[in-house]
Amino acid sequence: MTVEAAGLILPSDVLIIIMANLDMEDLINLSYTCKFVNLLVHEFGWSLYLKYNIRPSFTLQLARRSWSSFDQVRYDVASDRCWAQAKFNARPLSHPWRNKYQPKIALSASVLLVAANYTIYAYHITHSSSLDDGAPGVSYEGSYSFTDRPAITSITFIPDRHSERTVAVGFEDGRIHRVFLPHFQQEQSNNKPLALNIERDPPLALRIVDIIESLTCSDDMLLSLSSFGTAGLCNLSSDSPLVSAINLDCRSWSSFICMKSSTPFTAFGTTSPNPLVVHAVTPSSLSPAPFAILHSTRERSTAVYDITDAPPSAPWGSSKQVIISGWYDGAVQVHDLRSGWRGSGVTGTPAPLRPMLTFRDPWSDEPIYSVSCGGGSSSVVGAGTARHSVVAFWDVRRPTEGWSVHAPGNDSSPVYSLVLESSRVFGVTQSRPFVFDFGPGVTKDTYPFLPPSTRSQHDSLKLNKNEVGYCVTQYNHSRM
């Protein structure tokens, strides 16, 4: 079929090719030209737009399969606008725990997991068949406790063809276990939380004699790191999963693995003269020597506490060779492994790479405990700091215009773990998990209802005027 207008005769397939190169405003204007083109834009134009404007999100993944392409774009535009204006609904996901922990979170398309001490708290991701029905919600499902009560120190989802509820869990006793978290069979009654006791299966791979600080997974490869620097690489698809192990010989904090890069690699964050190093991954081993040493902008930055990959819509593209790290001196550094900008007069072989971009909160030099990427236009870097439950945000397109916000309740705590999505930020302090939701369609019922706190659970939460989000303190990084 062709479109005929004054001075214009174009086949539909040519129009579709043109649509692939148009931005949102151009697609809107094109849809106004005639009924046929309007139908063509809705059938092909918006899906092409989504293909080239990626908004990764675990909790929206199932809902977006039901939404039309146009509704998905509507949602993304609304959430991008809220990110630009720093407008969101802040919600705690529970009252404070009775004790203080160093929890971790893990997120999949169907469940949010919060691991604290020897318990894993599970939150189910609800479905939304239409954007008009509101945003997909998060509801508390129940908790899992291990019968021998070992403290959990790390957790990550791992591939499982039959379930999205299989995780690798690291413990303070040096063991790593593959754990399947079964669904709760009975309905919750009498407001009593559901709880299951589960046993640990035989350990996965080697047992380390100290705490498992970090677990990360890419494809079928699981990377572990202990507090004293033992790194192990496991192939989860193999009957003999352990591939190789190396020792970094220093206090270690964080690890990251990327098997999708042209040169698969691992990165390790430690306390040492070279606190961020990158090792190659071969089909048969983990290289014992680093092929890249990544330095900070300051000479005496002694530790790296977290590592992640770059935002998929960053100005430098979606290269898997760009990594982002949180440092002891309060900096968030962006390193490009393809860069030739190397430092001079510093120790290390090979010569250290300098960061291509550095983010800082000028009002705080607190260490960065957690980092994640996503957010508005998929171009935001988020960082959880070491005190006062502060989360800082920077848009990589405007790196000097950052802002920070305290988690609900202003817990005097680090933000130990952070996950950014297109419209949501999940985090956890020593006292509880929380979420910042920048998307439309959020109601009182989108997240768990918190009954009035008892004396033993004194809580300083205060609802906003809209009675959906809670009051939080936020500030801009600008000194003007």
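Residues numbered from 1 in each chain as written. Predicted model: local features only at pLDDT ≥ 70, side-chain atom pairs only at ≥ 80, totals over all residues. Heavy atoms only, no water.

An unreviewed UniProt entry lists the protein chain under the name F-box domain-containing protein, with Suillus fuscotomentosus given as the organism.

1. A look at the overall build of the protein chain
Cut-off, in case you're wondering: Elements are defined by DSSP. Helices are runs of H or I of four residues or more, strands are runs of E of two residues or more, and each kind is numbered from the N terminus. As defined in this context, the radius of gyration uses C-alpha atoms, and a globule is described by 2.2 Å times the residue total to the power 0.38. Contacts are residue-level and defined by heavy atoms, with any inter-residue pair within 4.5 Å sufficient. In this description, accessible areas are obtained by the Shrake-Rupley approach with a 1.4 Å probe, and a residue is regarded as covered only by the protein chains that are shown. Just so you know, the count uses Lys and Arg for positive and Asp and Glu for negative, and it drops His and the chain ends. Charged side chains are reduced to one point each, which is NZ for Lys, CZ for Arg, CG for Asp and CD for Glu.
Scanning the protein chain for helices and strands turns up five helices and 31 strands. Taking 23 Å as the expected radius of gyration for a compact globule of 480 residues, we find that the protein chain reaches 23 Å, a close match to that expectation. When the backbone C-alpha atoms are referred to their principal axes, the protein chain occupies close to 75 × 65 × 55 Å. Pairs at least 24 apart in sequence give 57% of the contacts found in the protein chain among residues at least 6 apart. Element-wise, carbon and sulfur atoms account for 51% of the exposed surface of the protein chain, whose accessible area totals about 22,000 Å². Across the protein chain, 39 positive and 42 negative side-chain charges occur, with their mean positions spaced 6 Å apart.

2. Remarks on the sheet that holds strand β22 (residues 332–336)
Worth spelling out the cut-off: Paired strands, as defined in this entry, are two strands with at least two bridges between them according to DSSP. Between the N-to-C directions of two axes lies an angle of 0 to 180 degrees, each axis being a line fitted to C-alpha atoms and, for a helix, fitted only over the stretch in contact.
What the four strands build is an open sheet, ordered β20-β21-β22-β23; its pairing is antiparallel. Edge positions in the sheet fall to β20 (304–309) and β23 (357–359), since each has one partner strand and no second. Mean inter-strand twist for the sheet, computed between neighbouring axes without regard to direction, equals 20°. Here β22 pairs with β23 via three bridges, running antiparallel. Paired with Val332 across the strands is Phe359, a residue of β23.

3. Section: the packing of aromatic side chains
Here the distance between the centres and the angle between the planes together describe a pair of aromatic rings. Condition: Stacked, tilted and edge-to-face are the three classes applied to pairs of Phe, Tyr and Trp rings, where Trp contributes its six-membered ring and a pair requires centres within 6.5 Å; stacked means planes under 30 degrees apart, edge-to-face means over 60, and tilted covers the rest. Each residue is placed in one exposure class: buried if its accessible area under a 1.4 Å probe, protein chains only, is under 20% of its type's maximum, exposed if it is over 50%, and partly exposed if it falls in between. Each ring is checked for a lysine NZ or an arginine CZ that lies within 6 Å of its centre and within 35 degrees of its normal; such an atom marks a charge sitting over the ring.
Counted under the stated rule, the structure contains 23 aromatic pairs. Between Trp46 and Phe70 the ring centres are 5.6 Å apart and the planes differ by 45°, which places this aromatic pair in the tilted class. With a gap of 24 residues between them, Trp46 in helix α3 (residues 35–52) and Phe70 in helix α5 (residues 69–85) connect regions that are remote in the sequence. Owing to a relative accessible area of 33%, Phe70 belongs among the partly exposed residues under this scheme. Aromatic rings pair up to connect Trp83, Phe88, Phe393, Trp403, Phe434, Phe436 and Phe438 into one cluster. Arg251 extends its terminal NZ or CZ atom over the ring of Trp253, reaching a point 3.8 Å from the ring centre.

4. Structural notes on the side chain of Ser110
Here Ser110 lies in the loop between β4 (104–107) and β5 (111–116). Setting aside anything within four residues of it in sequence, one finds Ser110 in contact with Tyr123, His124, Ile125 and Glu164.

5. Structural notes on the pattern of salt bridges
Pairing between side chains becomes possible if they bear opposite charge and their charged atoms approach one another. Where we set the bar: For this document, the term salt bridge refers to a Lys or Arg side-chain nitrogen within 4 Å of an Asp or Glu carboxyl oxygen.
A complete count under the given rule lists 17 salt bridges for this structure. Glu401 is paired through a salt bridge with Arg398; the nearest N and O atoms lie 3.7 Å apart. Glu401 gets classed as exposed once you look at its relative accessible area, which sits at 52%.

6. A word on the packing of α3 against α5
Our working rule: Angles are sorted into four bins: roughly parallel if under 35 degrees, roughly antiparallel if over 145, roughly perpendicular if 65 to 115, and oblique for all others. Helix crossings fall into two classes, left-handed where the near helix is turned counterclockwise from the far one by less than a right angle and right-handed where it is turned clockwise. Polarity classes work like this: nonpolar for Ala, Val, Leu, Ile, Met, Phe, Trp, Tyr, Cys and Pro, charged for Asp, Glu, Lys and Arg, and polar for all others, with Gly in that last group.
Where α3 contacts α5, the two axes come as close as 8 Å, and the packing angle between them is 40°. Regarding the angle of α3 to α5, the classification is oblique. Judged by the sense of rotation from one axis to the other, the crossing of α3 with α5 is left-handed. Between α3 and α5, the contacting residues are His42, Trp46, Ser47, Tyr49 and Leu50 on the first element and Ser69, Phe70, Gln72, Val73 and Asp76 on the second. Its residues assigned to classes, the contact of α3 with α5 comprises five nonpolar, four polar and one charged.

7. A closer look at the sheet that holds strand β29 (residues 424–428)
Read from one edge to the other, the open sheet built from four strands follows the order β3-β30-β29-β28, with strand pairing classed as antiparallel. On the outer flanks of this sheet lie β3 (89–92) and β28 (417–420), each paired with one strand and no other. Sheet twist, expressed as the average angle between the axes of neighbouring strands with direction ignored, equals 15°. Sheet topology places β3 next to strand β30 (residues 433–437); four bridges connect them, and they run antiparallel. Residue pairing across strands places Asn89 opposite Asp437, the latter belonging to β30.

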